[in-house]
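# Structural description and commentary
Given next are the chains, with one letter for each unit.
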Amino acid sequence: MTTLSIQLVNLFAAFLLLLAFAMLAQRRVLTLVNLYALQGLTVVAATTVVAHMTHQEHLYYSAILTLLLKVILIPWVLHRLIKRLNVRWDIETLINIPSTMLVGIVLVVFAFNLALPISKLSTSVVPGTLGIALACILLSFMMMITRSKALPQVIGFLAMENALFFAATSATYGMPMVVELGIALDVLVGVFILGVFLFQISEQFESLDIRNLENLKEE
Amino acid sequence: MLNMRAIDLVLWVIGAWIALGLLGILALHRFALVARVFFPLGAIGGLVLAFAAIRLLGSGMVDTKQLSLGLPQLPFHLRLDALSAFFLLVIGVASFGISLFAAGYFRAGEGTAPGLLCLEFHFFLASMALVLLADDAYAFMVAWESMALTSYFLVTANHRLPKIRAAGFLYLLIAHIGAIAILLCFGVLQANTGDYTFANMRVQNLSTFWASAAFLLAFFGFGAKAGILPLHVWLPEAHPAAPSPVSALMSGVMIKMAIYGLLRVTFDLLHLHIWWWGVVLLVLGLTTAIFGVIFAAVQVEMKRLLAYSSIENIGLLFTAMGLALLFRSYGMNTLAALALTACLYHVLGHALFKSLLFLTTGSVLHATGERNLGRLGGLIRFMPWVAWLALIGILASSGLPPFSGFVSEWLLLQSFLFTPGLPQPFLNMLIPIATASIALTAALAGYAMVKFFGVVFLGQPREEKLSEAHDAGVFEKIGMGWLALLTIGLGLAPNSILHLIDPVTRGLVGVGLAHPASANGWWLLTPTSMVRASYGPLYFLFGVVAAVVIAFVLVRLLYHARLRRSAPWGGGHPWRNSRMQDTAEGYGQPIRQIFEPFFHMDRHLPRPDDNEPEYHVVVTDKFWEGIYMPIARATEYISAKVGKLQQGRISIYLLYSFVTLIVILLLVPTARR
Amino acid sequence: MSRAFSQLISILTPILLAPLLLGWVNQMRAWLSNRRGPGVLQPYRMLHKLFNKDSVMADTASSLFRFAPYAVFGSMLLANAIIPTLSTDLPLASAADAIALVGLFALARIFISLAAMDIGTAFGTLGARREMLVGFLAEPALLTVLFSASLIGQSTALPTIVEAVAHKHFAIYPSLVFAGMAFILVFLAENARVPVDNPATHLELTMIHEAMILEYSGRHLALMEWAASLKLFAYSTLGIALFLPWGIGQKATPSSLLLALPSLALKLALIGIVLALVETFSAKLRIFRVPEFLATAFLLGVIGMLTHILLGA
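Notes on the structure in this doc start here. (Residues numbered from 1 in each chain as written. Chains lettered and ligands numbered in written order. Predicted model: local features only at pLDDT ≥ 70, side-chain atom pairs only at ≥ 80, totals over all residues. Heavy atoms only, no water.)

From N to C terminus, chain B includes 23 helices and 5 strands. Computed over C-alpha atoms, the radius of gyration of chain B comes to 26 Å, within 12% of the 26 Å expected from 2.2 N^0.38 for 673 residues, which places it in the range of a compact globule. For chain B, buried positions account for 59% of its 673 residues. Pairs at least 24 apart in sequence give 78% of the contacts found in chain B among residues at least 6 apart. With an accessible surface of roughly 25900 Å², chain B has 67% of that area assigned to carbon and sulfur atoms. (Helix = DSSP H or I, 4+ residues; strand = E, 2+ residues; numbered from the N terminus. Rg over C-alpha atoms; globule rule 2.2 N^0.38 Å. Buried < 20%, exposed > 50% of the residue type's maximum accessible area, 1.4 Å probe, protein only. Contact = heavy atoms within 4.5 Å. Areas by Shrake-Rupley, 256 points an atom, 1.4 Å probe, with all protein chains shown as cover.)

You'll often see interface size given as the accessible area lost when the parts meet. Contact with chain B, which involves 4 residues of that partner, is made by 5 residues of chain A. The contact between chain B and chain A buries some 390 Å² in all, and 84% of this surface belongs to carbon and sulfur atoms. Looking only at chain B, the three residues that lose the most surface to chain A are F426(B), M429(B) and I433(B), adding up to 81% of its buried area. Inspection of the region where chain B meets chain A yields 0 salt bridges. The interface formed by chain B and chain A includes 0 residue pairs in polar contact (both at pLDDT 80 or more). Split by residue class, the side of chain B that touches chain A holds 4 nonpolar, no polar and no charged. (Buried area = accessible area lost by both parts, 1.4 Å probe. Salt bridge = Lys/Arg side-chain N within 4 Å of Asp/Glu carboxyl O. Polar contact = N/O pair within 3.5 Å; in protein donor to acceptor, adjacent residues only side chain to side chain. Nonpolar A, V, L, I, M, F, W, Y, C, P; charged D, E, K, R; others polar.)

A few words on the interface of chain C and chain B. With 77 residues of chain C at the contact, the number on the chain B side is 75 residues. Carbon and sulfur atoms make up 72% of the surface buried where chain C meets chain B, a total of about 6800 Å² over both sides. At the junction of chain C and chain B, the tally comes to 3 salt bridges. When the shortest N-O distance is used, the salt bridge between R129(C) and D582(B) registers 2.5 Å. Our count for the chain C to chain B interface comes out at 20 residue pairs in polar contact (both at pLDDT 80 or more). Sorting elements by how many residues they give to the side of chain C that touches chain B places helix α5 (residues 122-153) of chain C first, with 18 residues.

Attention now goes to the pattern of salt bridges. All names here are of chain B. Under the criterion given, the structure shown has 24 salt bridges over all chains. Between D135 and R202 there is a salt bridge, with the nearest N and O atoms lying 3.7 Å from each other. One end of the pair, D135, is in the loop between α4 (114-133) and α5 (137-155); the other, R202, is in helix α7 (residues 198-203), and 67 residues separate them in sequence. Judged by relative accessible area, R202 falls into the buried class, the value being 16%. Among the salt bridges present, the one from R304 reaches E237, with a minimum N-O distance of 3.5 Å. In this pair, R304 is assigned in helix α12 (residues 302-329) and E237 in helix α9 (residues 234-241), connecting sequence segments 67 residues apart. One network of salt bridges, with partners in common, ties together R79, D81, D135, R202, R264 and D268.

All right, on to a nonpolar patch on the surface then. A cluster of nonpolar side chains, contributed by L541(B), V545(B), V549(B), I550(B), F552(B), V553(B), L554(B), L557(B) and L558(B), occupies part of the molecular surface with about 770 Å² of accessible area. Structurally, the position occupied by L557(B) is in helix α20 (residues 537-558). (Patch = residues over 30% accessible without salt bridge, like charges linked within 9 Å, V, L, I, M, F, W, Y side chains within 5 Å.)

This brings us to the environment of E596(B). Residues and elements named next belong to chain B. With respect to the helices and strands, E596 occurs in the loop between α21 (584-594) and β4 (599-604). For E596, a relative accessible area of 39% corresponds to the partly exposed category. In the structure, E596 is positioned 46 residues away from V642 in sequence and 41 Å away in space, judged by C-alpha atoms. Excluding residues within four positions of it along the chain, E596 makes contact with M601 and R603.

Turning to the packing of aromatic side chains, a few remarks are in order. The full count for this structure, using the stated rule, is 44 aromatic pairs over all chains. Ring geometry for F86(B) versus F87(B): centroids 6.0 Å apart, planes at 85 degrees, classification edge-to-face. Look at F87(B) and you get buried, because its relative accessible area is 0%. Here F140(B) and W144(B) contribute two aromatic rings whose centre-to-centre distance is 5.6 Å and whose plane-to-plane angle is 15 degrees, an arrangement assigned as stacked. Here the residue F140(B) and the residue W144(B) both occupy positions in helix α5, the gap between them amounting to 4 residues, near one helical turn. Three or more aromatic residues joined by ring pairs form one cluster here, namely F140(B), W144(B), F186(B), F198(B) and F222(B). Cation over ring: K70(A) sits above F165(A), and NZ or CZ is 4.5 Å from the ring centre. (Phe/Tyr/Trp six-rings, centres within 6.5 Å; stacked < 30°, edge-to-face > 60°. Lys NZ or Arg CZ within 6 Å of the ring centre and 35° of its normal.)

Here we take up the packing of α12(B) against helix α16 (residues 425-457) of chain B. All names here are of chain B. Two elements in contact, α12 and α16, have axes whose closest approach is 11 Å; the angle formed by their N-to-C orientations is 160 degrees. Here α12 is positioned roughly antiparallel relative to α16, judged by the angle of their axes. The handedness of the crossing between α12 and α16 is left-handed. Where α12 abuts α16, its residues M302, L305, L306, S309, E312, L316, T319 and L326 lie against L427, I438, T441, A445, A448, M449, K451, F452 and V456. For the contact of α12 with α16, the residue count by class is 12 nonpolar, 3 polar and 2 charged. (Axes fitted to C-alpha atoms, helices over the stretch in contact; angles between N-to-C directions. Parallel < 35°, antiparallel > 145°, perpendicular 65-115°, else oblique. Left-handed = near helix turned anticlockwise from the far one by under 90°.)

Geometry only, nothing functional implied.
Laid out in structure tokens, this is it:
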């Protein structure tokens, strides 16, 4: 448990927060997917460092799993989706971006205050990261709320899962392997199902604007 | 005269001001006498006041005195300590410049008779000085109310315009609501002892609840006078309505009396300091600052712009005070002293540069008859004196080095950067946001000030008649020059000002900064330690000036190219005129767009096919619609109901009196028991 | 003696090297767009030519217009003098810390904007308004970046910050990640670079900096251009000082200068390449996207300060 590894985990946590804000501020769908892949990579790096630091071998496996799934496979699927659905253009956000980020800062402060008592109880050597992970979850949620197109919402959902995973690794040195595998499978299946859904939506409405779904409610 | 006690000297000045005012009554219409003799004499009073204040600050003593004025058995208790002396200094130096300017400013035949103006003006000065001397609630309230009244009369000097009367009424109304809160605050502070002297209030040990109540009442009451959000609405109405020297006095000096009052109550009279008081001040102060500066940037009338800028500065002062209170509540007295020093420095700095800017608008107003920015422009060619003096004012107001505004901003930011030591993590997290807001406010102030100076003094005249504008007169030049000189001096020699502030913070929080600040030489400001932060304005100025001079000399020596004049490039248009410059609206447009949710906008945009296109946009305050109008409507509704009592028949009125009498008689025995 | 010498070096280096940096960036841009480019020495030739030309001044210009180039040049020079480029042993740096540095940039900005408004043409006022628009967001953003760094060094004095980051024991500061991102955005905006402004065009719809100095010519224009390159240099060295400070010497001994100079040149060359790459790959923003761009920088700076306090590092 060297100070260097602790600092590295902190650094990756900061990276995650930066990426969460970058996703919040990003208008282009393609860049959003790339940012998501980058986020996955950061989580992989953080997990590897934690694994090295705590000598827990199963964390290496989850790192490899994350790398395959969230850095390579899912972004690839998403890229294909974008190509097939032809939704590469910019997306307008529901609220303007500076205001969104301002709310984001409030969320960060809130998340940290929330995490403070928990991280005091935690045995982890990097207590600050729990707050960041929580903040990332809230920010991804926020991103889902402020977007009007379906694809960014899917990405927001995936980013949230990334943040959850990071929370688990940094605060409690990872979940048991079975749980992790289960979640990974869930995410994978979820992405495919969502992909199918997106196809259906775009065929039905000839657009991915989820505001169209408002028409489905009973009159 | 010179070895008198400081308090006696101050009282003599107050007496002299009152006498000058009364003399004004005797010479009601003798314009030349009033303007050229009485006002300059009043100015000298200001200088004496400043002298007395500096002497007291140097000696570090506290003078007290009792005057048996007013009611029998209830004398005025007077006390002159460092805090009062510092604010007396503010009055003194600012009023010297303003009075001299006023000597050249007031014109015969405008509004109120000159003698009456002289009376109101000097009574106003005297009552402000008396507010600072007061050491019991009675004297304080008398002085406070006469300050409000005299300034009301000064605001309505041009009472023939209905708009000015309305502004004056609004001012008086809010001033009185505030005064009631202050009175209630003193009521809480005396803790049922019945003794309203400040000396008694100092020894009371109030419970947390009552102390908080007193603080909130004081905050409301003094906040109303200072123009804190949402009690600011009178300020942008009253300041433009008043004649310019009066606006200068109100904006530069009078609203500082509210700062004094709040400092007196929270740091001197109350012993308990609770952390959330500081947070309240901090948050409301910051909101006020950002609100004020955003509104300043979109104004189209020069005095309204400055009035909103005053709201911004008041916000900054409250922020500094809030931070000081926060530090104080955790017993971090050195840091509290740092924040307080920033606050007091800004009080003095703002008093000088804002007075200066208001006075320049006065000169512009007299020279052109215009106060609308859209009809001004290019005045630097016709009134160079006023323009260059205004430039000093706007540079200080934008918080740029090496002027006075920068020093206080610098001190404030320094005290914020120390904050991570607070024991509450939640508060620590608020700090980056607060720091960033201060930085944003300062930068936006620069925007508003560039707009003010650029539209008024630079470019081409937007109206024909502007080319007949004349520069200010001798008295006006001296008055403004004095303020500009002090603004520069305040920026260049911060340590000597810190020596004046030192006894004040020593009195309030027990720590003074003068010694550590000048430990590395009087030219270098180091509030805590050399490694931590230092600022040497003289070096700074030397650096810039040396670079400028060397560049100039080298360019002149090495290159001998000449200079030709020709028409500016018009972008290929066959004709160009002065209307093609940005208007004030145009200059504020980006701010209007970015901060749209802040404004209530009434906009009329022309259609492309209009033959006579007309564009107008009116920006108003949302608070007016949101808070004040509902209250006004409710008041009207209630008074209409109450009005039904008024029947007009004498016998009904007699019935009312009769019923009242019966009720009181019924109550008396119950009260006895 | 060593102190004065070090100060002198740190003033002369920017004056002499600033046009070279600009030439380098322009040359890189030209190469990246498959042009041959005018060579890295072009800014020097340009300055020489401008100084020798007669100055043509609008007949509506006031004395402020003539004074402004000197004021802008002087402020930029002082700004360069207080940023530790080669060594942290700078006597002038005690006169102005990070906050005063931002103040200096603001002072220059206000003078250049006022000068632009002075002529009273539509272009000048347009440029001034846009410049102030960029400024009022870029300035606080830069301040938050500097504060993130000064929280680490527990000081706002630039040499102390550099020494804290470079010469104390090695540590990774997560807050600097945010500050670094914010700084890059501010850097691009403040130096009139591509996503915000394009120094190579005179298009009414987009120009900011060029619109303001449109009326300048001859020696005044030369000073303005030189000041602009000094500003680019100042921002580059500030970036180096905050984020890549390794190699900046503590004392101005000949040996440490020998070490510091090549490392500075290398880092500047690198910054030039990165800047040219960014400019080549990004498209110019619409003017009303600019506030959004800068607000992002500002908020990133705030988050940087927040992370410092939250992570306690």
